[in-house]
Amino acid sequence: MTTHAQDYTDSLIAQIRAHYQTDHFIPLHAPCFGGEEKRLVTDCIDSTFVSSVGEYVSQFEEAFVHYTGAKHAVAVVNGTMGLFLALKVAGVQPGDLVLTQSLTFVATANAIKMLGAEPVFLDIDAASYGLSADVLQAFLHEQTVVKDGLCIHESSGRVVRACVPMHTLGFPAEIDRLVDVCDGFKIKLVEDAAESLGSFYRGKHTGTFGDLGVFSFNGNKILTTGGGGMLITNDDALARHAKHLSTTAKVPHAWRFEHDEIAYNLRLPNLNAALGVAQMAQLDAFLAEKHALAQHYQNEIAKHPGLLSLQGLAPSQPNYWLNGLIVKQAVERDAFLQRTNEAGIQTRPLWTPMHQLDIYADCLHSEMPNTEWLAERVVNLPSGVRCHG
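How each quantity is defined
Residues numbered from 1 in each chain as written. Predicted model: local features only at pLDDT ≥ 70, side-chain atom pairs only at ≥ 80, totals over all residues. Heavy atoms only, no water. Helix = DSSP H or I, 4+ residues; strand = E, 2+ residues; numbered from the N terminus. Buried < 20%, exposed > 50% of the residue type's maximum accessible area, 1.4 Å probe, protein only. Contact = heavy atoms within 4.5 Å. Areas by Shrake-Rupley, 256 points an atom, 1.4 Å probe, with all protein chains shown as cover. Lys, Arg positive; Asp, Glu negative; His and termini not counted. Charge placed at Lys NZ, Arg CZ, Asp CG, Glu CD. Axes fitted to C-alpha atoms, helices over the stretch in contact; angles between N-to-C directions. Parallel < 35°, antiparallel > 145°, perpendicular 65-115°, else oblique. Left-handed = near helix turned anticlockwise from the far one by under 90°. Nonpolar A, V, L, I, M, F, W, Y, C, P; charged D, E, K, R; others polar. Pairing = 2+ DSSP bridges. Polar contact = N/O pair within 3.5 Å; in protein donor to acceptor, adjacent residues only side chain to side chain. Disulfide = S-S within 2.5 Å. Core = buried A, V, L, I, M, F, W, Y, C linked by side-chain atoms within 4.5 Å. Salt bridge = Lys/Arg side-chain N within 4 Å of Asp/Glu carboxyl O. Arc of directions from axis to C-beta.

**Student:** I keep staring at the overall build of the chain and nothing clicks. Help me out?
**Tutor:** A tally of helices and strands in the chain yields 12 helices and 16 strands. Taken along the three principal axes of its C-alpha coordinates, the chain extends 70 × 60 × 35 Å. Counting over 389 residues, the chain shows a buried share of 55%. When contacts within the chain are restricted to residue pairs at least 6 apart in sequence, those whose partners lie at least 24 apart make up 70%. Total accessible area on the chain stands at roughly 16,500 Å², and carbon and sulfur atoms take up 52% of it. A gap of 3 Å separates the mean positions of the 28 positive and 42 negative side-chain charges of the chain.

**Student:** Looking at this model, I keep getting lost on the packing of helix α4 (residues 79–89) against helix α5 (residues 106–114). Mind explaining?
**Tutor:** Geometry of a packed helix pair, given as the angle between the helix axes and the separation of the axes. Packing of α4 against α5 leaves a shortest axis separation of 9 Å and a crossing angle of 45°. Considering the angle they form, α4 stands oblique to α5. At the point where α4 passes α5, the crossing takes the right-handed sense. In contact with T80, M81, L83, F84 and L87 of α4, α5 contributes A107, T108, A111, I112 and M114. Residue classes in the contact of α4 with α5 are distributed as eight nonpolar, two polar and no charged.

**Student:** Teacher, can you tell me more about the sheet that holds strand β15 (residues 348–349) here?
**Tutor:** Two pairing modes exist for strands in a sheet, parallel and antiparallel, and in both the strands are linked by backbone hydrogen bonds. Here four strands make up an open sheet; going across it, the order is β12-β14-β16-β15 and the pairing antiparallel. Every interior strand has two partners, whereas the edge strands, β12 (307–309) and β15, have only one. Relative to strand β14 (residues 323–327), β12 is paired through three bridges, and the arrangement is antiparallel. In the sheet register, L308 faces β14, and the bridge partner there is I326. Each of β14, β15 and β16 (378–381) is contacted by helix α11 (residues 333–342), which is oriented at about 20° to β16, the strand it contacts most.

**Student:** Looking at this model, I keep getting lost on the side chain of H167. Mind explaining?
**Tutor:** Of note, H167 is situated in the loop between β6 (160–164) and α7 (175–184). We classify H167 as buried; its relative accessible area is 0%.

**Student:** Help me understand α4, please; the structure alone is not making it clear to me.
**Tutor:** One full turn of an α-helix is made of 3.6 residues, so residues set three or four places apart face in the same direction. Within α4, nine of the 11 residues are buried, which leaves the element mostly enclosed by the surrounding structure. Every buried residue belonging to α4 is among G79, M81, G82, L83, F84, L85, A86, L87 and V89, and all of these are buried. Measuring from the backbone nitrogen of T80 back to the side-chain oxygen at the start of α4 gives 3.2 Å, which picks out N78 as the cap. At the C-terminal side of α4, G91 shows a positive phi close to 100°.

**Student:** Would you mind showing me how to read the state of the cysteines here?
**Tutor:** Working definition: the covalent bond between the sulfur atoms of two cysteines is a disulfide. Summed over all chains, the structure comprises one disulfide. For C32, the disulfide goes to C387, at an S-S distance of 2.3 Å. Here C32 and C387 share a disulfide; its torsion about the S-S bond, 75°, makes the bridge right-handed. Of this pair, C32 sits in the loop between α1 (3–20) and α2 (37–47) while C387 sits in the segment after β16, and the two are 355 residues apart along the sequence. Its relative accessible area of 8% is what places C32 among the buried residues.

**Student:** How should I be thinking about the nonpolar core in this particular structure?
**Tutor:** Soluble globular proteins: nonpolar side chains tend toward being buried together. One finds F60, F64 and L197 to be the most contacted residues of the largest nonpolar core, which totals 48 residues. Of all the elements in the fold, those that place two or more residues in this core are α2, α3 (55–68), β1 (72–76), β11 (229–233), α9 (270–280), α10 (283–301) and α12 (369–375). At six residues, the largest contribution of residues to this core is made by α9. When residues no more than four places from it in sequence are discounted, the contact partners of L197 are F64, Y67, H205, F215, F217, I222, L223, M280, L283, L287 and N319. Among the nonpolar cores identified, the runner-up in size contains 26 residues, and I112, A117, L212 and V214 belong to it.

**Student:** Mind showing me how you'd approach the environment of A133 here?
**Tutor:** Checked against the element boundaries, A133 lands in helix α6 (residues 133–143). For the pair formed by A133 and G344, sequence separation is 211 residues and the distance between their alpha carbons is 39 Å.

**Student:** Would you take a moment to explain the pattern of salt bridges for this structure?
**Tutor:** Pairing between side chains of opposite charge can happen when their charged atoms approach one another. Per the counting criterion, the structure on display carries 15 salt bridges. Across the pair R386 and E289 runs a salt bridge whose closest N-O atoms are separated by 3.0 Å. A residue pair is termed long-range when its members are at least 10 positions apart, and R386 in the segment after β16 and E289 in helix α10 qualify at 97 residues. Its salt-bridge partner being E300, residue K303 comes within 3.2 Å of it at the nearest N-O pair.

**Student:** Looking at this structure, how should I read α6?
**Tutor:** Residues A133, L136, F139 and L140 constitute the buried set of α6. In a view along the axis of α6, the buried residues occupy a sector of 130°, so they form one face of it. Every exposed residue of α6 that faces more than 90 degrees away from the buried side is listed here: H141 and E142. Looking at the buried residues of α6, the elements they touch are β2 (97–101), β3 (118–122), β4 (144–147), β5 (150–153), β6 and α7. Capping of α6 at its N-terminal end is provided by S132; its side-chain oxygen lies 3.3 Å from the backbone amide nitrogen of D134.

**Student:** It is not clear to me how the sheet that holds strand β13 (residues 316–317) should be interpreted in this structure. Could you clarify?
**Tutor:** What the three strands build is an open sheet, ordered β9-β8-β13; its pairing is antiparallel. Two strands in the sheet have a free side with no partner beyond their single neighbour: β9 (204–205) and β13. Taken together, the two bridges between strand β8 (residues 200–201) and β9 define a ladder with antiparallel strand orientation. Paired with F200 across the strands is H205, a residue of β9.

Set out below in structure tokens:
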């Protein structure tokens, strides 16, 4: 590690320890249970309704609708299966192509493959860190044609059925342009909003721009239910179908077990939803602390010419789920990661881009200058809220 790299690394270690006020290990993102979690979970246990039927599932969905502005919310077991379900009700079929970004967590691509469809990986936008509208437009213009209301990939003859942009680290993609491009080519748009609860683009919450949006409540997210996810949509029919498929497609009846589709058991348990209701009540406080921490990091990072902050697009209001920095010289990135982790500060790089994984090496993909540049340089810093509950 060069002297200047060691200087900015040591400076950031000191700033992180001062912020979290501890000499002990500092995780990347730990959950905070400082509200009514214990009371609501105990109440759920006492009710005996701990599985997929119970009042907290409905309360959680209602709170989510109120916060995001979506018309419908369907609580599911996790974000991955939420994406699977969203793509299923969007009409994705085996053999279809689904366009997405290479810079994403593997769950995005896995959800596509679980439906028997094939992901096509495209480059990100350098400013938003999400799927590039220009690259998407170019791919569709050069390689597809719209016939009989379907987007057809000319060289393979496959239907391009959907597009899944991801709001990377909670920074909104240029989602309005992506929607326009997809509309022009008759493609459904499913937002992977797993990391972006509390993020807004031009005053509108992520997940509400496309046909459907999906959030995650894994233990490392801004709000957690232990596991869990949420599918949102403004489309009445898509919402009905998603909820129906998430509950084994059981036809409502007082006692009969009738099922009218091959479906899934994906409903979020009431026990987890009780956590979600308590966490939603604290969301504004979580966001306020995250925004303050982001400003703190950005001020510190600005002092060091070898570093850049992650800031996103100007019209967006990110949730700063994970705060990160860009090490201008890629060769210094791993030394930074090693030194901080050895000091008990958990830092992490971005994911390995999907087109570089052996399991997806055969998939169609664009050139990836922005994806590869960012993946080689970003370090995510501790971003959890300080929990005093």
